[in-house]
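# Coordinate analysis (summary)
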Amino acid sequence: MSANRAYVNGESHYSKGQKDASRHLITYLYTKDEKQWKLYLEELEVPQGDGIARKTLLKVGDNKVARKGFLIGRNHKDDLDDLVWLFVNFQQVSFLAKAIDEWGKGDELIFKLFIVGHEINAQIKYNLLTPSSQKNFLNQISSISDKLTINERNFSNTLGEGTRKIKSLLIITNIVFILIIVLSVCTYYSIMVKRLLVSKKEIEVKNENLIVVNRELDRFVYSASHDLRSPITSLKGLIEITQLEDDIDQIKSYLGLMHQSLTKQDQFIIDIIDYSKNKRKQVVMEPVSLQELFDEAISQLMHIENANRITFTQELLVDKIQSDELRLKIIISNLLSNAIKYADINKQEMFINVKTYFEEGYNKIEVTDNGIGIKEEFKDNIFEMYFGTNKNKGSGLGLYIVKEAVENIQGNISVFSESTIGSKFTVTIPN
């Protein structure tokens with residue numbers, strides 16, 4: 001389980017390195033800034049390092065070259081033993097063999113991105129770059145990125161499938177182990193029976209802890225794969241717009257939006273990964289500005305369809321509070337994202353009102369909209385994992401994650417909604 005978790009974490013660095021390399025290469029293509037070229041080479045080394053490790057482990061096995069490759073891929077040094085051990089000993093197991101195959105396909109695409117990068121660099125150095133070749137290179141980068149996205153998603157999904165299989169095997173093993181103990185102890189005296197009862201209780205506690213850990217790992221796999229798609233979708237949209245644009249200044253503006261979106265989303269993903277990796281990250285109470293969190297969240301979500309048609313109003317009677325910034329970011333971002341996605345586009349005026357205030361010893365956050373609302377039969381299920389009234393608008397994880405984050409800071413959340421009228425979510429946070 002630890003090794004599988006390490007590979008999931010490594011895939012996130014692989015994906016981030018590839019996305020950042022593509023972004024810097026596109027910027028270099030249009031600005032010819034040498035700094036962007038160096039950043040492209042630096043970020044591309046991350047997936048290339050992992051590729052070296054894969055090839056070395058397949059041909060030679062565990063050695064210094066493979067471990068150095070994993071370190072270049074930004075894997076933590078404490079995870080190296082697990083990464084190598086799982087690959088060397090279980091590479092023929094079906095789910096891992098499939099994941100390694102997807103990994104190999106991804107490395108081939110990384111090499112193509114490397115070739116495209118050097119072709120661009122050569123044309124820039126010899127002043128051969130034309131608008132037509134710029135567009136052609138942009139199309140190549142976009143095509144490679146799209147294919148890599150599919151490989152990365154398949155890799156994560158395969159590891160998720162393997163995690164669930166491992167979980168089942170561990171449970172079966174524990175059950176068999178308990179049965180063997182029970183049958184063996186039947187031959188002992190009554191004192192051994194008493195000891196068996198004590199041991200059984202200890203095993204049950206350990207099994208409960210194991211199930212909790214496995215559930216947290218499942219939440220991480222699904223949440224990471226869900227949230228990783230958001231910046232990719234945004235980037236694809238901006239690339240498509242850029243392809244149709246000839247104005248260099250406007251193209252630079254689009255590139256700036258790409259950078260801003262990926263940078264902010266990158267930090268969010270890192271927080272989620274850290275939260276999952278530490279299993280139960282302690283709540284850090286510190287001064288937090290609700291005004292800054294709302295401004296940041298709204299800015300990040302403006303790329304969502306119809307967001308620019310919505311009127312946002314803020315009535316922040318409380319700004320600075322003592323709470324956990326990570327959880328508040330998750331809560332605010334998801335509530336605003338849902339309000340935008342489920343806006344009623346048939347209404348002439350669409351609005352989202354945000355309000356914070358202090359009442360009866362608690363800080364409260366309200367997010368109100370005049371969207372499509374929630375039907376009565378769905379209200380009892382909206383906070384369940386994977387439940388969604390419209391799968392085209394979300395994965396069904398958003399409100400589940402919100403509820404989990406609220407509970408982690410000892411708060412609670414309630415909702416009032418009428419179909420076709422709108423919804424109001426109220427989050428109550430201890431002072």
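Scroll up for the structure.
Residues numbered from 1 in each chain as written. Predicted model: local features only at pLDDT ≥ 70, side-chain atom pairs only at ≥ 80, totals over all residues. Heavy atoms only, no water.

## Remarks on the overall build of the protein
Heads up, the rule is: To qualify as a helix, a DSSP run of H or I must reach at least 4 residues; to qualify as a strand, a run of E must reach at least 2; elements of each kind are numbered from the N terminus. Note on exposure labels: buried denotes an accessible area under 20% of the residue type's maximum, exposed denotes more than 50%, and partly exposed covers the range between, all computed with a 1.4 Å probe on protein chains only. The contact definition used throughout considers only heavy atoms, calling two residues in contact when any of these lie within 4.5 Å.
Along the protein, the regular secondary structure elements total eleven helices and seven strands. A buried classification covers 45% of the 431 residues belonging to the protein. By sequence separation, contacts in the protein at least 24 residues apart represent 73% of the contacts at least 6 residues apart.

## Observations concerning the packing of aromatic side chains
Basically, it comes down to this: When two rings of Phe, Tyr or Trp (its six-membered ring) have centres within 6.5 Å they constitute a pair, described as stacked for plane angles under 30 degrees, edge-to-face for angles over 60, and tilted for the intermediate range. Distance and angle both matter: a charge sits over a ring if NZ of Lys or CZ of Arg is within 6 Å of the ring centre and within 35 degrees of the ring normal.
Counting across every chain of the model gives nine aromatic pairs. For the ring pair Y7 and W103, a centre distance of 6.1 Å and an interplane angle of 70 degrees mean the geometry is edge-to-face. Remark: W103 occurs in helix 5 (residues 94-125) and Y7 occurs in helix 1 (residues 2-31); sequence separation between them is 96 residues. The same class applies to Y7 as to W103, namely buried. Pairing F70 with W103 gives two aromatic rings, centres 6.4 Å apart and planes at 40 degrees, and the pair type is tilted. Linking F70 in helix 3 (residues 64-72) with W103 in helix 5, this pair joins segments that are 33 residues apart in sequence. For F70, a relative accessible area of 1% corresponds to the buried category. Here a set of aromatic residues connected by ring pairs shows up, and it is made of Y7, F70, F87, W103 and F155. Of note, K355 hangs over the ring of Y357, and the distance from its end group to the ring centre comes to 5.1 Å.

## Details of the side chain of N4
Relative to the helices and strands, N4 is located in helix 1. For N4, a relative accessible area of 2% gives the class buried. When sequence neighbours within four positions are dropped, the list of residues in contact with N4 reads L86, F95, L159, G162, T163 and I166.

## Side note on the sheet that holds strand 6 (residues 412-418)
Applicable threshold: DSSP calls a pair of strands paired once it identifies at least 2 bridges connecting them. Interaxial angles span 0 to 180 degrees and are taken between N-to-C directions of axes, which are lines fitted to C-alpha atoms, for helices over the stretch in contact.
Here five strands make up an open sheet; going across it, the order is 2-4-5-7-6 and the pairing mixed. With one partner strand each, in any of the chains shown, strand 2 (310-316) and strand 6 form the two edges of the open sheet. When the angles between neighbouring strand axes are averaged without regard to direction, this sheet yields 10 degrees.

## Examining the packing of helix 10 (residues 325-341) against helix 11 (residues 398-408)
Here is the rule we go by: An angle below 35 degrees is treated as roughly parallel, one above 145 as roughly antiparallel, one from 65 to 115 as roughly perpendicular, and anything else as oblique. By the definition used in this description, the sense in which the near helix is turned from the far one sets the handedness, with an anticlockwise turn below a right angle giving left-handed and a clockwise turn giving right-handed.
Remark: helix 10 packs on helix 11, axes separated minimally by 9 Å, with the N-to-C direction vectors making an angle of 150 degrees. The angle between the axes of helix 10 and helix 11 places the two elements in the roughly antiparallel class. As for the relative orientation of helix 10 and helix 11, their crossing is left-handed in sense. Here helix 10 contributes R327, I330, I331, N334, L335 and N338 to the contact with helix 11, which in turn contributes G398, L399, I401, V402, A405, V406 and N408.

## Things to note about the environment of E384
Its location among the elements puts E384 in the loop between strand 5 (362-369) and helix 11. Take E384: its relative accessible area is 40%, and that puts it in the partly exposed class. In this structure, the C-alpha to C-alpha distance between E384 and L399, residues 15 residues apart in sequence, is 7.6 Å.

## Observations concerning the pairing of strand 7 (residues 422-430)
The element strand 7 is extensively covered by neighbouring structure, given that seven of its nine residues are classed as buried. Taken together, the eight bridges between strand 5 and strand 7 define a ladder with antiparallel strand orientation. Looking at the pairing, E366 lines up with T426 of strand 7. Sheet topology places strand 6 next to strand 7; seven bridges connect them, and they run antiparallel.

## Some thoughts on unusual backbone geometry
In the Ramachandran plot, K32 falls in the positive-phi region, its phi being about 60 degrees despite a non-glycine side chain. Tracing the backbone through its elements, the reader meets K32 in the loop between helix 1 and helix 2 (34-59). The phi torsion at R74 lies on the positive side, around 65 degrees, for a residue other than glycine. Mapped onto the elements, R74 comes out in the loop between helix 3 and helix 4 (80-90).

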